[in-house]
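Reading the structure
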Amino acid sequence: MINLRLRPEEEAALNLRGLYESYGYTFYRMSRFEEYDFYADKKDFLTSKSILTFTDINGKLMALRPDVTLSIVKHIKDFGSVQKFYYDEKVYRVPRNANSFREISQAGIECVGGLHDDDLREVLELAILSLHTVAGSRRCVLDVADAGMIAELLPDTSSRAGILKCIAEKNIHGLEALNAPEKVIRLVKLNGEISSALPELDGSTRKVLASLTEYHDELRVDFSAVNNLNYYNGIVFRGFIEGMPEAILSGGQYDNLMRLMKHDNARAVGFAVYLDMIERSIESE
């Protein structure tokens, strides 16, 4: 008998697959590339604006997949019911603070259609359980915020980008210098404790988080998780594991993408776990 030894990221992917299937999610496999035009008018929804392209034998410009969510949503036919998918794929893009394309391994889920608060709650719970699956005995936290609240509070002016940058950096002095709304500054000052943060949150987000805190103490409110108002419009979140300097998980609601793709009545939420960070974390130890 041959004993195969799995790499840490392969073992994590296998365990995550079992977790997602236990919650009724269906495995989704897609092509590595799409027509470039599909991504060209949706660059606001991409983590990296750089897209790796090539010309196929028919002269059509193609793109190596820079994002999984767009590809899944493109191929869904029924947006009236709740569609639940999980994936284990590679994407090709320029990571933040890098200067070249990389092949990035990630696993995650997408929940699309006629969603209710219970569906949002389940996705957040799966995000927490995904962190535990990867973390083992290490501590982990899930930072949660509401991008919709920030979008409503910020006028679409020349200072908006600067204010968002200050939010991501928790730069209170910068927010004050840019005359950010007082409520925005108050949200950024929240210290992470769910109990003290809940009164500041809007109804749906407050309800979902309150229903989770009884069972999960890994949750904390942190509005620096809000970084892309074009993509996310409601609950957004990032997951961290002890010993890893960057978020290993990120996600949120992306109803804005549904509207762009003419599915006005559909809602969507999902997240990705960056499996390649597991290998890099071990190599740096």
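No experiment lies behind these values; they were computed from the predicted model shown.

Rules used in this analysis
- Residue positions are counted from 1 within each chain, in the order its sequence is given.
- A pLDDT threshold of at least 70 governs which residues receive local features in this predicted model, and a stricter bar of 80 or more applies before side-chain atom pairs are shown or counted, although totals over entire chains, interfaces and linings include all residues.
- The side-chain numbers reported here are obtained from all heavy atoms of the structure, hydrogens and water having been left aside.
- Criterion used throughout: strands pair if DSSP finds at least two bridges between them.
- Segments assigned H or I by DSSP are reported as helices when at least four residues long, segments assigned E as strands when at least two residues long, and all are numbered from the N terminus.
- Geometry is summarised by axes, namely lines fitted to C-alpha atoms with helices restricted to the contacting stretch, and by angles between N-to-C directions that run from 0 to 180 degrees.
- Between the rings of Phe, Tyr and Trp (Trp by its six-membered ring), a pair exists once the centres lie within 6.5 Å; its type follows the angle of the planes, with under 30 degrees stacked, over 60 edge-to-face, and the other angles tilted.
- Here the term buried applies to any residue with accessible area under 20% of the maximum for its type, exposed to any over 50%, and partly exposed to those in between, with areas from a 1.4 Å probe on protein chains only.
- Note on geometry: a ring has a charge over it if NZ (lysine) or CZ (arginine) is within 6 Å of the ring centre and within 35 degrees of the ring normal.

Taken in spatial order, the three strands make up an open sheet running E2-E4-E3, and their pairing is antiparallel. With partners counted over all chains shown, the strands left at the sheet margins are strand E2 (33-35) and strand E3 (53-55), one partner each. Taking each pair of neighbouring strands and ignoring which way they run, the sheet shows an average axis angle of 35°. By the bridge criterion, three bridges tie E2 to strand E4 (residues 61-64) in an arrangement that is antiparallel. Within the sheet, the bridge partner assigned to Phe33 lies in E4 and is Leu64.

Turning next to the packing of aromatic side chains. In this structure the tally under the stated criterion is nine aromatic pairs. With a centroid separation of 6.2 Å and 70° between ring planes, the pair formed by Phe237 and Phe271 is classed as edge-to-face. With a gap of 34 residues between them, Phe237 in strand E9 (residues 235-241) and Phe271 in strand E11 (residues 267-274) connect regions that are remote in the sequence. In this structure Phe237 comes out as buried when scored by relative accessible area, which is 1%. By the ring-pair criterion, three or more aromatic residues cluster together here, those being Tyr20, Phe27, Tyr86, Phe237 and Phe271. Above the face of the Phe27 ring, Arg17 is positioned so that its terminal group lies 4.7 Å from the ring centre.

A separate point is unusual backbone geometry. Even without being glycine, Asn179 reaches a positive phi, approximately 55°. In this structure, Asn179 sits in the loop between helix H7 (172-177) and helix H8 (182-189). The backbone phi angle of Lys262 is positive, close to 70°, even though this residue is not glycine. If you trace the backbone, Lys262 turns up in the loop between helix H11 (255-260) and E11.

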